[in-house]
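The residues making up each chain are set out below.
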Amino acid sequence: MASVPALSPSEGLGELYRRVRRASVALVAELEPEDCVVQTIPEVSPTKWHLAHVTWFFEKFCLLEHAHDYRPFDERLHYLFNSYYYSVGEMHGRAQRGFLSRPTLREVAAFREHVDAAMEELIAKRGGDAELAFKVTLGAHHEQ
C-alpha cells in the first residue's frame, strides 16, 4: 500500500476531511439547483454529479469497507455516481450525467450529510488505521 501523504502537524484526519468537504459546499453555495445539472461537454460532469461522486467514494471505500454497522444512504446511487471503478460495478455513462434530474440537489445534500455524519464517527473510532487514513486522504485529494 502507498504511504499516506503527511498532514500538517496541526491538522488531523478529521480536520482534513471536514475542511475539504466544507470547501466543496462553499464553492457551490451561490449556485441555483439548475446550475448544478448543466453538462457543457461530455468530458465535464455536472456540479451535482461531482458532489455526489466524491460522497459515493467515501461511502463505498471507507464506510462500507470499514464501518461494519453502516447502512448505505441509497444503494441505487452506487450505479449513478461510480465513475470508472469497473471493479466495483456498472455505472451511468459519463456523457449522460447531465441528463440526471434525480436525485435532486437537495437529495445529494442529504446524501452528503448522511455520509459525513458516519465518516465523522468512523474517523473518531478508527482514524489511526493506516488503510482507512490512506483512503480518507485519497478521497479528500480527489474531492479537491
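Residues numbered from 1 in each chain as written. Predicted model: local features only at pLDDT ≥ 70, side-chain atom pairs only at ≥ 80, totals over all residues. Heavy atoms only, no water.

Colleague: I keep staring at the overall build of the protein chain and nothing clicks. Help me out?
Modeller: Each helix and strand counted, the protein chain has five helices and zero strands in total. Secondary structure elements of the protein chain, listed N to C terminal, follow the sequence α-α-α-α-α. Across its three principal axes, the protein chain shows a C-alpha extent of roughly 40 × 35 × 25 Å. Counting over 144 residues, the protein chain shows a buried share of 40%. Counted over contacts in the protein chain with a minimum sequence separation of 6, partners at least 24 positions apart contribute 73%. Of the roughly 8200 Å² of accessible surface on the protein chain, a fraction of 56% belongs to carbon and sulfur atoms. Here the protein chain carries 16 positive and 21 negative side-chain charges, and the mean point of each set is 2 Å from the other. (Helix = DSSP H or I, 4+ residues; strand = E, 2+ residues; numbered from the N terminus. Buried < 20%, exposed > 50% of the residue type's maximum accessible area, 1.4 Å probe, protein only. Contact = heavy atoms within 4.5 Å. Areas by Shrake-Rupley, 256 points an atom, 1.4 Å probe, with all protein chains shown as cover. Lys, Arg positive; Asp, Glu negative; His and termini not counted. Charge placed at Lys NZ, Arg CZ, Asp CG, Glu CD.)

Colleague: Looking at this structure, how should I read the packing of helix α1 (residues 13-28) against helix α2 (residues 47-66)?
Modeller: Any two packed helices are characterised by how steeply their axes cross, that is the angle between the axes, and by the distance between the axes. In contact at an axis separation of 11 Å, α1 and α2 are set at 165° when each is read in the N-to-C sense. With respect to each other, α1 and α2 are oriented roughly antiparallel. Crossing angle aside, the handedness with which α1 passes α2 is left-handed. Contacts from Tyr17, Arg21, Ser24 and Val28 in α1 reach Thr47, Leu51, Val54, Thr55 and Phe58 in α2. In the contact of α1 with α2, the residues fall into five nonpolar, three polar and one charged. (Axes fitted to C-alpha atoms, helices over the stretch in contact; angles between N-to-C directions. Parallel < 35°, antiparallel > 145°, perpendicular 65-115°, else oblique. Left-handed = near helix turned anticlockwise from the far one by under 90°. Nonpolar A, V, L, I, M, F, W, Y, C, P; charged D, E, K, R; others polar.)

Colleague: Explanation requested: a negative patch on the surface in the structure shown.
Modeller: Residues Glu30, Glu32, Glu34 and Asp35 make up a contiguous surface patch of negative charge. Tracing the chain through its elements places Glu32 in the loop between α1 and α2. (Patch = residues over 30% accessible without salt bridge, like charges linked within 9 Å, V, L, I, M, F, W, Y side chains within 5 Å. Salt bridge = Lys/Arg side-chain N within 4 Å of Asp/Glu carboxyl O.)

Colleague: Even after reading the chapter, I still don't get the packing of aromatic side chains, so can you show me in this structure?
Modeller: What describes a pair of aromatic rings is the distance from one ring centre to the other and the angle between the planes of the rings. In this structure the tally under the stated criterion is six aromatic pairs. Here the aromatic rings of Phe57 and Phe58 are separated by 5.8 Å at their centres, their planes lie at 90°, and the arrangement is edge-to-face. Seen from their ring centres, Phe57 and Phe61 are 5.1 Å apart, and the 50° between their planes marks the pair as tilted. A residue pair is termed a helical-turn pair when its members lie 3 or 4 positions apart in one helix, as Phe57 and Phe61 do in helix α2 at four residues. Relative accessible area serves as the criterion here: at 4%, Phe57 is assigned to the buried category. Owing to a relative accessible area of 13%, Phe61 belongs among the buried residues under this scheme. Three or more aromatic residues joined by ring pairs make a cluster, and in this case those are Tyr17, Trp56, Phe57, Phe58 and Phe61. In this arrangement the basic side chain of Arg97 is found over the ring face of Trp49, its NZ or CZ atom lying 3.6 Å from the centre. (Phe/Tyr/Trp six-rings, centres within 6.5 Å; stacked < 30°, edge-to-face > 60°. Lys NZ or Arg CZ within 6 Å of the ring centre and 35° of its normal.)

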